[in-house]
Structures are given as C-alpha cells and as structure tokens.
Amino acid sequence: MSNTHHFDVVGSFLRPANLKNAKAELEAGKITELQYKAIKQNAIRELVEKQKKAGLHYITDGEYNRKFWHLGFFWGFDGIAHQKDGGGVQFAGEVADLEATYLVGKIRVRPHPFVEDFKFVKSLESDGHEAKQTIPAPAQLFQQLIVPQNIETTRKFYATNDELIEDIAYAYRGVIRQLYDAGCRTIQFDDCTWGAIVGDAAAQRYKSLGLSLDVVKNQLLHVNNLAIEGKPADLQINTHICRGNYHSTYFTSGPYDSVADYVFARENVNTLYLEYDDERSGGFEPLSKVSADKVVVLGLITSKSPKLEDKVTVIARIKEATKYIPLERLKLSPQCGFASCDVGNKLTEEEQWAKIALIKEIADEVWG
C-alpha cells in the first residue's frame, strides 16, 4: 500500500439488490450465465466508480464474483472438490452456511478463474487507482484441509503436513505468477487462521489432531512464507488478519499477543491489515513485535454495524498505536470487508459508504 494513501477498505462490499435478484433468477433458470455475467460486470463497474469517488487508491470487484470469501478460490485448484452437505461453521449466535471443501487428489495449479476476474477490474484502472486482488491465504487452505472433518481424506493424498504445505505453496506460487502476468502488483492474503488460533477453543481443536499450538503456528507461518518465496520484487503481498465475519457475527475472540512473534515479526508480507474494532481484539502492545519493514493498517472502524464511530475516539486510538509504530507506517480501514459471504453484513449500502467517508475524513485529518 503506497505510503501516500492512508486509508483503505479490506475488499468486499455489500451486493446491490439488482445483483442479488439476478443471482436468484440465474439459480431459478430464468436467466442465462451470460446474462448474469453482464449484470454482474455492470454492477462491478458501478462499484469501482463509487470506490474512485470515495477517494480510495485500491479498487476491487467487491468480491461480487464469490459466494464465500475463501472457498471459491480453493475450487480453482486441481485436486479440490466441494459439495453442499448442509454443514456449516458455528459463529457467535449463527451458523455460517458453507460448502464442504476437501481433497480428491494432489493439489495442482491450473489457469485460475480469479485471474480473468482480476483482468476485468484491471481494465477499470485510472490515474491514482490500482486494482488489487484479494485471495484467502495459503494458511487458510492448509487449515481447511487439516480440520477434523477433512484430515482423514487429506491423509489419503498427503502422509504428512510438510508434504501438504509444499504442494499448497507451489500451487499458490503458480496463481501469484498468473496474477502478476495479468498486471497485478498488489495481492492481499485474507487470513483467519491467526485470528482463530488466538481463541480459547483452538488448543482443543488442534489437540484432537495431535498438534500443539506452537507447531501449528510454525506451519501456518511456513506455508504463507513458502508461497511468497521468489515473488517478483515489485509485487506487494499484504495480509488481512480476521477473527471471522459472517452476517455481522464473529467466530473467535482474543488478543494478538500469542501470534505476534510469528505473523507480525516473521511473515514476509508488506502490510498487515489488523482487526481492532472492539475489545475482543485486545490492546496495541503486540504491535511492538511488527518488523520494521511492514506497514500496519488499523481496522478501527467496524463493518459489522451501521453505527458511526466517534471521530475523536478513533483519532485517540491511532495516537495510542503510535507508541509502538510510527505514524507514517500506520493507515486506517474497517476491520474486515462488508460482505465476507454474499449474505453480507447487517447494514445498508448507504451506511457502508458513510463508514468509508468517515475513514477518509479521519485519515485526512490525521495524515493531512
């Protein structure tokens, strides 16, 4: 993220009503894939114009091409299958309706559908605006394949986690190269693994797999860094660390203290987008572990609620963070996207844009 731009969004936006209606019509067989694609691309064009008007440097497709923030990306690799099995993931007070995603062979890269999606956003770039691509982190795929419901299937193809990590990293490198060749210079890894491992249930979850948390943290760090290794020098890879965000609910709570020595200090990314929108995130002290070459984007504005934050309070919190990171290496954003899955969070499009306007206003005041 360029140091002249001190505010950003994480990537996903609420789906507009006409796009939701078109998707329902597609699923009901009332319109064709081609008709749906035209409606979707038009919605993305309109969204990009709004992002530019809001003063954002980075433009994205709002993740309008996805049902889930992460699973669709995994489906773009050979060796991965998915099905609706009626299962889901328990969030605070709500079950996220997800699709079972598992191995049916070795993971291999092929031309990835996200690259075509990126090319469309790239074509909408203009002066001062750069297309960025958000994808789930390699660690996220690794975690998906070693969770208790998947581990037995995964072991049919990978005897050890080390072998699995190597193939994930190699496949990711292939997609990173495809995106780079399509003109992408900023990729954002979205990563809930670090946010999940700080929660109370994490030790129990991994204990059932015979793994200690320290072993898992090293593996998460290793798979991400291995995927980044050898990237082109002018390609920025950033990461967004999240504790879950589904229909305005969260997955886990806990401060960053127990993961800071890993991801803040040693993950080879350029920028950390961090969730700091409420007390579940803990204090800023772990920021002292952030390596000197990284920028930190403080997610002090919540995307979960329409209530606008108090400007004076947010500015005071930015000032507090400067005890650990100099102001010129800090930026401001929402803690997460507005629609991690196409169901979206519980606020309106107007409220979403009001949040972004507030972020810009604060950034202008703080950084000038």
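Our subject is the structure listed above.
Scoring rules and cut-offs
Residues numbered from 1 in each chain as written. Predicted model: local features only at pLDDT ≥ 70, side-chain atom pairs only at ≥ 80, totals over all residues. Heavy atoms only, no water. Helix = DSSP H or I, 4+ residues; strand = E, 2+ residues; numbered from the N terminus. Buried < 20%, exposed > 50% of the residue type's maximum accessible area, 1.4 Å probe, protein only. Lys, Arg positive; Asp, Glu negative; His and termini not counted. Salt bridge = Lys/Arg side-chain N within 4 Å of Asp/Glu carboxyl O. Contact = heavy atoms within 4.5 Å. Core = buried A, V, L, I, M, F, W, Y, C linked by side-chain atoms within 4.5 Å. 1 Å grid on protein atoms, 1.4 Å probe; cavity = no way out; pocket = protein on both sides within 12 Å on 5 of 7 lines; lining within 4 Å. Points joined across faces, edges and corners; volume = space filled by probe spheres on them. Nonpolar A, V, L, I, M, F, W, Y, C, P; charged D, E, K, R; others polar. Axes fitted to C-alpha atoms, helices over the stretch in contact; angles between N-to-C directions. Parallel < 35°, antiparallel > 145°, perpendicular 65-115°, else oblique. Left-handed = near helix turned anticlockwise from the far one by under 90°. Phe/Tyr/Trp six-rings, centres within 6.5 Å; stacked < 30°, edge-to-face > 60°. Lys NZ or Arg CZ within 6 Å of the ring centre and 35° of its normal.

1. Let's talk about the side chain of Glu130
Next, step 1: Mapping Glu130 onto the fold places it in strand 6 (residues 130–131).
Next, step 2: Buried and without a salt bridge, Glu130 has Lys122 as its closest oppositely charged side chain, separated by 7.0 Å.
Next, step 3: Not counting residues up to four positions away in its chain, the partners in contact with Glu130 are His57, Tyr58, Ile59, Glu125, Arg185 and Thr186.

2. A short note on the nonpolar core
Next, step 1: Formed by 110 residues in total, the largest nonpolar core has its most connected members in Ile107, Tyr172, Phe264, Leu287 and Leu298.
Next, step 2: If one sorts the elements of this core by residue count, helix 7 (residues 161–181) sits on top with 10 residues.
Next, step 3: Residues contacting Tyr172, with those up to four places away along its chain left out, are Phe73, Phe74, Phe77, Ile135, Pro136, Ala137, Pro138, Leu141, Phe189 and Ala227.

3. Considering the layout of surface pockets
A probe as big as a water molecule, rolled over the atoms, marks out the empty space that is left.
Next, step 1: Space inside the second largest pocket adds up to approximately 550 Å³.
Next, step 2: Considering the residues around the second largest pocket, the lining is formed by 22 residues, among which Lys23, Tyr36, Asn65, Arg66 and Lys67 are closest to the centre.
Next, step 3: Those elements that place two or more of their residues in the lining of the second largest pocket are helix 1 (17–27), helix 2 (33–53) and helix 4 (113–122).
Next, step 4: Top element by residues in the lining of the second largest pocket is helix 1. It accounts for 6 residues.
Next, step 5: Counted by class, the lining of the second largest pocket contains 9 nonpolar, 2 polar and 11 charged residues.

4. So, the packing of helix 5 (residues 138–146) against helix 7
Next, step 1: Direction vectors running N to C along helix 5 and helix 7 enclose 140°, while the axes themselves pass 10 Å from each other. In terms of orientation, helix 5 and helix 7 fall into the oblique class. The way helix 5 lies across helix 7 gives a crossing that is right-handed. Every residue of helix 7 that contacts helix 5 at Pro138, Leu141, Phe142, Leu145 and Ile146 is listed here: Asn161, Leu164, Ile165, Ile168 and Tyr172.
Next, step 2: Residues that form the contact of helix 5 with helix 7 fall into these classes: 9 nonpolar, 1 polar and no charged.

5. Re the packing of aromatic side chains
Next, step 1: Taken as a whole and assessed by the stated rule, the structure comprises 12 aromatic pairs.
Next, step 2: Between Phe73 and Phe114, the ring centres sit 5.2 Å apart and the planes meet at 70°, which makes this aromatic pair edge-to-face. One end of the pair, Phe73, is in helix 3 (residues 71–74); the other, Phe114, is in helix 4, and 41 residues separate them in sequence.
Next, step 3: We classify Phe73 as buried; its relative accessible area is 1%.
Next, step 4: Judged by centre distance (5.4 Å) and plane angle (70°), the ring pair of Tyr256 and Tyr276 falls under edge-to-face. Pair noted here: Tyr256 is in the loop between strand 9 (236–241) and helix 11 (260–266) and Tyr276 is in the loop between strand 10 (271–275) and strand 11 (295–301), with a separation of 20 residues, a long-range link. Both residues of the pair, Tyr256 and Tyr276, count as buried.
Next, step 5: These aromatic residues form a ring-pair network of at least three members: Phe73, Phe77, Phe114, Tyr172 and Phe189.
Next, step 6: Here Arg185 stacks its cationic end above the ring of Tyr180, 3.6 Å away from the centre of that ring.

6. Points about the packing of helix 1 against helix 2
Next, step 1: Two elements in contact, helix 1 and helix 2, have axes whose closest approach is 10 Å; the angle formed by their N-to-C orientations is 170°. Between helix 1 and helix 2, the angle falls in the class roughly antiparallel. The residues of helix 2 that touch helix 1, namely those facing Asn18, Leu19, Ala22, Lys23 and Leu26, are Glu33, Tyr36, Ile39 and Lys40.
Next, step 2: When grouped by side-chain class, the residues that make up the contact of helix 1 with helix 2 number 5 nonpolar, 1 polar and 3 charged.

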